[in-house]
Amino acid sequence: MKSFFYITAFIFLFTACNKSQTTSESKEESSREQGEAVKIPASLDPLEYVKWVSNEQNGVSKSKTIDEVKYLLQYKPHDYLACMELKKDTVNKSEVEKKEQEFKGMLYFDFKIHIPNGSAEFLKYNISSTTEYQQRVTYCSFSMQYDISIVQNKDTIPCTMYLFERAFDVAPEGTFLLGFDEAALDVNKEMTFVFSDRLFKKGAIKFTFAPKVLNNIPKLKTV
Amino acid sequence: MKGKNTGLVVALVLLNLALGSWLVFNKKNEKKIGYVFIQEVFNDFDMKKEMEIKFKHTQSVRQRILDSLGFELKVMDKNLQAMKNVKPEDVHPLKVREEEFIAKKKQYTQDDAVMSKQFDKQIIAQLNQYVKDYGKEKGYDYVLGNDGNGSLMYASEADNLTKEVIQYINDKYKGVK
């Protein structure tokens, strides 16, 4: 009879261990979601740096999907832009500094509108006429800039640099290269990017960057 | 006697194992269900609050235009009444203004209706998306909506996700998450 109790106790213990393991796993997952457990490296090689900035888990790049439309926003630090232009595995300090001088005065972002299940140009998504298509092309080329801003405290900072990159039918997405006056913004304070979507009429599309995110970007390793 | 005991132990162990497996299997197949009060979620959604302010602002601007047109009409009418010999050409500007007032009022009423419909559509699209995201992220099989019309007659308070969902959708809208 004694052995029965031992076996029963073992089975219960085994089940309890299994349960607590599941709980700790989910806790770890939720803390990762909240960005608590993310370790930020001090400095990174150009390739690693670009990869880090583009990784959504690090909070510098963000996205959201409304219905079938995906909006992606990526903050591009000056070091990131230097890496993209220099296209090297290793970079030296002077060439990075030279590049940074060119980018000075502005905060840069890439804003993308993507149709995940689309097969044609994103501007043709749910289109009803050729007139509507033309209106969309005109809107993206000229007017959309005025529907984009950054809100910080109670100030609205307009988008001062705007470039629309069309992918035509190659990919169901459009990229917008954006620039905001650096002097008007403070990276030590929360900033909210706002796009009032008049293209697909999805309302205000917002992305908020906490100061800890933009202040904790790793440094670019130079030789 | 010993053999009898061993048989009993084996039988009980097997029973225990079967019970354990059934519990684990049952836990896995259990559907995770929660519910929200739709009206509360809708009213506390920041996007709805922002759109409401925008709508009211547009409506008040339109009303101000109509009010000043109406006042202008009153002044013109009073001037006409004060005149002794009213000729048809004196009445003509008032009639033109009156028609303009009626047309504008009609146009604004229609525009308000279109705008309200469009705003509601945008709010609902984002709200639905964020609730869907919440369900997926938290592993829910169902997030039911209680709108007080009897579609959900009873649910335990423990499964009420309203406050949590409101916080989540507002964070999502702001783009914090």
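Residues numbered from 1 in each chain as written. Chains lettered and ligands numbered in written order. Predicted model: local features only at pLDDT ≥ 70, side-chain atom pairs only at ≥ 80, totals over all residues.

Draft legend 1. Seen up close, the environment of Glu182 of chain A. Residue position: Glu182 of chain A is located in the loop between β7 (173-181) and β8 (191-197). Ignoring any residue separated from it by four or fewer positions in sequence, one finds Glu182 of chain A in contact with Gly105, Met106 and Leu107 of chain A. (Helix = DSSP H or I, 4+ residues; strand = E, 2+ residues; numbered from the N terminus. Contact = placed C-beta atoms within 7 Å.)

Draft legend 2. Representation of helix α3 (residues 46-82) of chain B in the model. Its 37 residues give α3 of chain B an end-to-end C-alpha distance of 54 Å, which sits within 8% of 54 Å, the value for a rise of 1.5 Å per residue. For α3 of chain B, the complete set of buried residues consists of Met47, Lys48 and Met51 of chain B. In the core, the buried residues of α3 of chain B are packed alongside β9 (203-209) of chain A together with α2 (38-43), α4 (88-138) and α5 (162-174) of chain B. (Expected span 1.5 Å × (residues − 1). Buried ≥ 20, exposed ≤ 12 C-beta atoms within 10 Å, placed from the backbone.)

Draft legend 3. A look at the domain arrangement of chain B. Structurally, chain B comprises domain 1 (1-30) and domain 2 (31-174). Placing a centre on the C-alpha atoms of domain 1 of chain B and another on those of domain 2 of chain B gives a separation of 62 Å. (Domains from an automatic or database assignment.)

Draft legend 4. Looking closely at the interface of chain B and chain A. Across the boundary between the two partners, chain B contributes 19 residues, which contact 20 residues of chain A. Looking at the side of chain B that touches chain A, the element that brings in the most residues is helix α1 (residues 2-29) of chain B, giving seven residues.

Draft legend 5. Here's a closer look at the environment of Phe195 of chain A. All names here are of chain A. Secondary-structure assignment places Phe195 in strand β8. Phe195 sits 75 residues away from Ala120 along the chain, and the two C-alpha atoms are 23 Å apart. In contact with Phe195, not counting residues within four places along its chain, are Phe111, Asp147, Ile148 and Ile205.

Draft legend 6. Broad picture of the confidence of the model for chain B. Residues and elements named next belong to chain B. A residue-level look at chain B finds 95% of positions with pLDDT of 70 or above and a mean pLDDT of 91. Here α1 is the element of chain B with the lowest mean pLDDT, 75, and α5 is the one with the highest, 98. The ipTM assigned to the predicted complex is 0.80, against a pTM of 0.81. (pLDDT = per-residue confidence, 0-100.)

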